[in-house]
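A closer look at the structure
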Amino acid sequence: MAVVVPAHNEERRIAACLRSVRVAAAQVAPLPVVIVVVADACTDATARLAARGGAHVVETRGHNVGLARAAGVDRALELLGDAGQNAWLAMTDADTTVPTAWLTHQVARAGEGHDAVLGTIRLAPTTADAVLVARHDAAYFRTRRFHGAGGAWEHPHVHGANLGVSAAAYLRVGGFAPLPTGEDRDLAARLVATGHRVARTDRHPVHTAARLRGRAPGGLADLLVSLHPATGPRATPTGSDEAGVDCVRTPGVPGGGKSVRDVPVRNL
């Protein structure tokens, strides 16, 4: 198993991220877990702190999260050697902490025959005020009401901060595309389109920083700026997007931001 973490100038958050990943990795022992951090165009101490935190570090200069994730996977498969083809690849972000059972849940879904797992996020409570969380969640959980009390929520979201995929499926569809944003949605769409079995689960949400200046254009930070009462107009519902799922559009941001951007739910 491998965990891949792209990072751009994340010296403030990378240590907490890696601590949470190590705790999650301990829960799947004796299964070995390789952790790879891709320090992309970093000008701070991210790479040094990641190495100190036990990660294998790859340094890139692309300013491109798709390229960074792909480079991290390439390095992970190299480290895993002959076992790489049978490996499970878990993805998160450097501004994110994962729950203790994060990898345990992904391993269980892989054991059930799933080729990929798409998880959910929560805004880290120490980085967001209650109003911002409420506004984000109103859009984020909109489709949950259709599943009824206690029903499993096959959510429409895709996050590189909470994604797992078998190495075999990843390689079959060509891996991460060199996209500056939306590389996670692009990969998920290709997996669905080619008939791979994808699990959408809210059982292991990760906590991600609710910052208002993000690393990728059109990402979560842009959405939060639009929702924040002190920084921009409130986003307004616009019905359904091309996937047929209610979403909130961020003014001036194509696709409305990654936290409510969707991939059709089918072939599950």
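Here, every reference points to the structure presented above.
A count of helical and extended segments in the chain gives 8 helices and 12 strands. Within the chain, the proportion of its 268 residues that are buried is 53%. For the chain, long-range pairs separated by at least 24 residues make up 71% of all intrachain contacts whose partners lie at least 6 apart in sequence. Of the accessible surface of the chain, which amounts to about 11,200 Å², a share of 53% is contributed by carbon and sulfur atoms.

What follows deals with the side chain of Thr201. Here Thr201 lies in the loop between β9 (198-200) and β10 (206-208). Among the polar contacts listed, one links the side chain of Thr201 to the backbone nitrogen of Arg203, at a separation of 2.9 Å. If we skip the residues at most four places from it in the chain, Thr201 touches Arg109, Val117, Leu118, Gly119, Thr120 and His155.

Here Ala188 shows up in helix α7 (residues 183-193). For Ala188, a relative accessible area of 3% corresponds to the buried category. It is 9.4 Å that separates the C-alpha atoms of Ala188 and Val165, two residues lying 23 residues apart in sequence.

Going through the model one piece at a time under the given rule, you end up with 4 aromatic pairs. Seen from their ring centres, Tyr140 and Trp153 are 6.1 Å apart, and the 75 degrees between their planes marks the pair as edge-to-face. On the criterion of sequence distance, the pair formed by Tyr140 in helix α5 (residues 130-140) and Trp153 in the loop between α5 and β8 (163-166) is long-range, its members being 13 residues apart. An aromatic cluster is built from Tyr140, Phe141 and Trp153, whose rings are joined through pairwise contacts.

Our focus in this paragraph is the sheet that holds strand β7 (residues 121-123). Read across the open sheet, the 3 strands follow the order β5-β10-β7; overall the sheet is mixed. Strands at the two margins of the open sheet, each flanked by one partner only, are β5 (96-97) and β7. Two strands pair when backbone bridges link them, and β5 and β10 are joined in this way by 2 bridges, in the antiparallel orientation. Along β10, the bridge assignment pairs Thr97 with His207.

With that settled, consider the pattern of salt bridges. Taken as a whole and judged by the stated rule, the model has 7 salt bridges. Asp93 is the salt-bridge partner of Arg69, the closest N and O atoms lying 2.7 Å from each other. Taken as a pair, Arg69 in helix α3 (residues 65-80) and Asp93 in the loop between β4 (88-91) and β5 lie far apart in primary sequence, 24 residues in all. For the pair shown, Arg69 and Asp93 are each scored as buried. A salt bridge links Glu112 to Arg109; the shortest N-O distance between them is 3.7 Å. Owing to a relative accessible area of 45%, Glu112 belongs among the partly exposed residues under this scheme. Ionic contacts of the salt-bridge type, sharing partners, join the residues Arg69, Asp93 and Glu183 into one network.

Residues Val73, Leu89, Val165, Tyr170 and Leu191 are the most contacted members of the largest nonpolar core, which totals 30 residues. Counting only elements with at least two residues in this core, the list comes to β1 (2-7), β2 (34-40), α3, β4, β6 (116-118), β8, α6 (167-172) and α7. Sorting elements by how many residues they give to this core places α3 first, with 6 residues. If we skip the residues at most four places from it in the chain, Leu191 touches Ala116, Val165, Ala169, Val173, His196 and Val198. Formed by 29 residues, the second largest nonpolar core is a distinct cluster that contains Ile35, Trp102, Phe141 and Val206.

Attention shifts here to the pairing of β4. Side-chain alternation along β4 places Trp88 and Ala90 on one buried face and Leu89 and Met91 on a second face that is also buried. Here β4 runs beside β8; their pairing, made up of 4 bridges, is antiparallel. If you follow Met91 over to β8, its bridge partner there is Leu163.

Here is what the cut-offs are and how they apply
- Residues numbered from 1 in each chain as written.
- Predicted model: local features only at pLDDT ≥ 70, side-chain atom pairs only at ≥ 80, totals over all residues.
- Heavy atoms only, no water.
- Helix = DSSP H or I, 4+ residues; strand = E, 2+ residues; numbered from the N terminus.
- Buried < 20%, exposed > 50% of the residue type's maximum accessible area, 1.4 Å probe, protein only.
- Contact = heavy atoms within 4.5 Å.
- Areas by Shrake-Rupley, 256 points an atom, 1.4 Å probe, with all protein chains shown as cover.
- Polar contact = N/O pair within 3.5 Å; in protein donor to acceptor, adjacent residues only side chain to side chain.
- Phe/Tyr/Trp six-rings, centres within 6.5 Å; stacked < 30°, edge-to-face > 60°.
- Pairing = 2+ DSSP bridges.
- Salt bridge = Lys/Arg side-chain N within 4 Å of Asp/Glu carboxyl O.
- Core = buried A, V, L, I, M, F, W, Y, C linked by side-chain atoms within 4.5 Å.

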